[in-house]
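These are the residues of each chain, in order.
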Amino acid sequence: MAQLTELKKRFVEHFGGDASGISAFHAPGRVNLIGEHTDYNGGAVFPAALTFGTTLLISPREDRKLGFASTNFPVAKEIPLDGIAFNEEDDWANYPKGIVWELKHHGIELTRGYNLLFHGEIPNGAGLSSSASIEVVTAYALLTLEGKPTDTVQIALWSQHAENEFIGVKCGIMDQFAVANGRKDHAIHLDCDTLEYELVPFRSGDYKLVIGNTNKRRGLVDSKYNERRSQCEQAVRDLRAAFPELALLGQLTLQQFEDNAHLISDETVRRRARHVVEEIDRVGRSIEVLNQDDLVAFGLLMNASHDSLRDLYEVTGPELDAMVDAAREVPGVLGSRMTGAGFGGCTVSLVHQHSVDRFIEEVGKKYESATGLKPAFYVCDIGDGVGELKGEA
Ligand SMILES: Nc1ncnc2c1ncn2[C@@H]1O[C@H](COP(=O)(O)OP(=O)(O)OP(=O)(O)O)[C@@H](O)[C@H]1O
Ligand SMILES: OC[C@H]1O[C@H](O)[C@H](O)[C@@H](O)[C@H]1O
């Protein structure tokens, strides 16, 4: 792999030494096909790993220090292994530091220092999980080099915990889980309450998944994400009048919700909860129609998902809506929706392979004239989850 050779050169230029002790790892980004804002409600999600992601080159060093560099960011860091703590000044290096902190939390103290060079191909802050990717690849690599088990479900949970507690972003489990457990040409049907999951072959036939990046950056921490979470918690509290044991909205069937929605006193909170329960139902129906290779029905469910995120959950915004509206006007598009947290970021559309060029041109033009922003498009295949790049390293 030419790129790995190039990265090794950069590693040696930056950290010195020779290339012989370098190991290489890769974790993908992810796209969520349907099941949005359901993970932290204990509901179902249906994401898939991308073929592009974060490559990590890593080698042990003699002292008890961690050297962090990234081809994506100018600032490199050298940090003592002992006493790892969040530090604003360490900027992006807080993500891999958070993993070292997390491993320690589980009794895994690194036995030596390491140099790490990251190379990311995922646009940051665009809803394709570059942060989950850097977390998961760091955890997998460090566990491998320390001779510890690399259980990818455990790695997902630890990475999520690091993001929640070390970085301070209260995300659900979907991103880290997809990045850690993805499989080529499969999407993951994950129950976020039990963490039971099934890899579902994604047979898209003549259709391609096309990601559209609005290039409207969204800030997860300062966005309305946490407000949505609290509204869901409020709905659960109200619904306990009928279900005293209820812990998460995802534990309700659609019918149970319909029969008791009136218990939620605030109208906005009721709409938020309705989105969650209906979206979980849409995930179940998606699996059913995909099992029958009914892509048309799946496209309609994608559309319904976006419309609900726009009208009930209110996390889309003008950019995502403009891109989805433009996408649905192109012949050969079966469905189009926002993906990820929302408030900007990316859309995902199911587009006939013969319409992809026209899609990119027409959606690009309409989107730019509606918003003044230049979008980017990625025609994507579904890739594998985290792993070591053994042959190529
Ligand atoms: N290759 C990389 N090198 C260094 N830092 C990275 C790399 N990839 C991601 N990061 C860190 O992760 C941050 C992006 O995380 P953030 O949660 O804001 O967005 P995201 O994960 O891309 O999007 P989303 O959470 O919506 O899926 C970057 O600003 C940087 O600090
Ligand atoms: O589905 C919305 C999605 O938003 C972000 O990507 C979070 O990191 C995920 O945990 C999930 O909540």
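On a predicted model such as this, the values are computed, not experimentally measured, just so you know.

All right, on to the UniProt feature "domain: GHMP kinase N-terminal" (unreviewed entry) in the chain then. Under the UniProt annotation, "domain: GHMP kinase N-terminal" (unreviewed entry) lies at residues 94-182. In residues 94-182, helix accounts for 58% and strand for 9%; the two terminal C-alpha atoms are 25 Å from one another.

Bringing the pattern of salt bridges into the picture now. What the rule picks out here adds up to 30 salt bridges. Glutamate 368 is the salt-bridge partner of lysine 374, the closest N and O atoms lying 3.2 Å from each other. Its relative accessible area of 58% is what places lysine 374 among the exposed residues. Taken together, the salt bridges that share partners define one network made up of Glu36, Glu279, Arg282 and Arg337.

This part is about the sheet that holds strand β12 (residues 376-380). If you trace the 4 strands from one edge of the open sheet to the other, you get β10-β11-β9-β12, paired in antiparallel fashion. Strand pairing shows two members of the sheet lacking a second neighbour, β10 (333-339) and β12, which therefore form its edges. Averaged over all neighbouring strand pairs, the angle between strand axes comes to 20 degrees, with direction disregarded. The sheet contacts of helix α10 (residues 318-328) involve β9 (207-213), β10, β11 (346-352) and β12, and relative to β10 the element is tilted by about 170 degrees.

Here β11 lies mainly inside the structure; 7 of its 7 residues are buried. Where burial is concerned, the two faces of β11 agree: the one with Cys346, Val348, Leu350 and His352 and the one with Thr347, Ser349 and Val351 are both buried. Here β10 runs beside β11; their pairing, made up of 6 bridges, is antiparallel. Note that in β11 the partner of threonine 339 across the bridge is cysteine 346. Counted between consecutive antiparallel strands, the loop separating β10 from β11 contains 6 residues, among which glycine 340 sits at a positive phi close to 95 degrees.

Criteria and cut-off values
Residues numbered from 1 in each chain as written. Chains lettered and ligands numbered in written order. Predicted model: local features only at pLDDT ≥ 70, side-chain atom pairs only at ≥ 80, totals over all residues. Heavy atoms only, no water. UniProt positions renumbered as here; feature names shortened; annotations may be inferred. Helix = DSSP H or I, 4+ residues; strand = E, 2+ residues; numbered from the N terminus. Salt bridge = Lys/Arg side-chain N within 4 Å of Asp/Glu carboxyl O. Buried < 20%, exposed > 50% of the residue type's maximum accessible area, 1.4 Å probe, protein only. Pairing = 2+ DSSP bridges. Axes fitted to C-alpha atoms, helices over the stretch in contact; angles between N-to-C directions. Contact = heavy atoms within 4.5 Å.

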